[in-house]
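Report on the structure
So you can see what is in the structure, the chains are spelled out below.
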Amino acid sequence: MDPKIRNIFMILFLVAFVGTIIVYFSSNQNMKLTWYFGGAAILFYLIFRFGKK
């Protein structure tokens, strides 16, 4: 994978990670919405981590 694309997924991971924390506290601890953002963060991290080829 091109390093520029990997960096985009790293930035998306960081945004989703911070978004997970923000959504948890700002949505009155709505766990369903928090899991959506957390799942996106995990997905972006896995693409970043294993997308070296």
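Figured I'd write up the structure that's included with this text. Here the structure is a predicted model, which is why all the values come from computation and not from measurement.

What counts and what doesn't
- Residues numbered from 1 in each chain as written.
- Predicted model: local features only at pLDDT ≥ 70, side-chain atom pairs only at ≥ 80, totals over all residues.
- Heavy atoms only, no water.
- Patch = residues over 30% accessible without salt bridge, like charges linked within 9 Å, V, L, I, M, F, W, Y side chains within 5 Å.
- Areas by Shrake-Rupley, 256 points an atom, 1.4 Å probe, with all protein chains shown as cover.
- Salt bridge = Lys/Arg side-chain N within 4 Å of Asp/Glu carboxyl O.
- Helix = DSSP H or I, 4+ residues; strand = E, 2+ residues; numbered from the N terminus.
- Axes fitted to C-alpha atoms, helices over the stretch in contact; angles between N-to-C directions.
- Parallel < 35°, antiparallel > 145°, perpendicular 65-115°, else oblique.
- Left-handed = near helix turned anticlockwise from the far one by under 90°.
- Contact = heavy atoms within 4.5 Å.
- Nonpolar A, V, L, I, M, F, W, Y, C, P; charged D, E, K, R; others polar.
- Buried < 20%, exposed > 50% of the residue type's maximum accessible area, 1.4 Å probe, protein only.
- Expected span 1.5 Å × (residues − 1).
- Arc of directions from axis to C-beta.
- Polar contact = N/O pair within 3.5 Å; in protein donor to acceptor, adjacent residues only side chain to side chain.

On the surface, Phe17, Val18, Ile21, Ile22 and Phe25 cluster together into a nonpolar patch covering about 510 Å² of accessible area. Tracing the backbone through its elements, the reader meets Ile22 in helix α1 (residues 3-26).

On to the packing of α1 against helix α2 (residues 31-50). At a closest axis distance of 8 Å, the pairing of α1 and α2 adopts a crossing angle of 160°. Put simply, α1 runs roughly antiparallel to α2. In this structure, α1 meets α2 at a crossing whose hand is left-handed. Residues Arg6, Phe9, Met10, Leu12, Phe13, Ala16, Phe17, Gly19, Thr20, Val23 and Tyr24 of α1 touch α2, and the partners they reach there are Met31, Leu33, Thr34, Phe37, Gly38, Ala40, Ala41, Phe44, Tyr45, Ile47, Phe48 and Arg49. The class makeup of the residues in the contact of α1 with α2 is 17 nonpolar, four polar and two charged.

Note on placement: Thr34 falls in helix α2. Under the relative-accessibility criterion, Thr34 is labelled buried at 8%. Non-local contacts of Thr34, meaning those with residues more than four positions away in its chain, are made with Thr20, Val23 and Tyr24.

Right, let's get into α1. Between its first and last C-alpha atoms α1 spans 34 Å; for 24 residues at 1.5 Å apiece the expected length is 34 Å, and the two agree. Considered for burial, the residues of α1 that qualify are Arg6, Phe9, Phe13, Ala16, Gly19, Thr20 and Val23. The secondary structure elements touched by the buried residues of α1 are α2. Trailing α1 by a residue or two, Asn28 shows a phi angle of about 60°, which is positive.

Turning our eyes to something else, we now look at α2. Taking 1.5 Å of rise per residue, the 20 residues of α2 would be expected to cover 28 Å, and the 28 Å separating its terminal C-alpha atoms lies within 8% of that figure. For α2, every residue scored as buried is listed here: Thr34, Gly38, Ala41 and Phe48. Taken end-on, α2 shows its buried residues confined to a sector of 85°, consistent with a single buried face. Away from the buried face of α2 by more than 90 degrees, exposed residues Lys32, Trp35, Tyr36 and Phe50 are located. In this structure, the buried residues of α2 make contact with α1. One side-chain oxygen of the residue at the start of α2 lies 3.3 Å from the amide nitrogen of Lys32, identifying that residue as Asn30.

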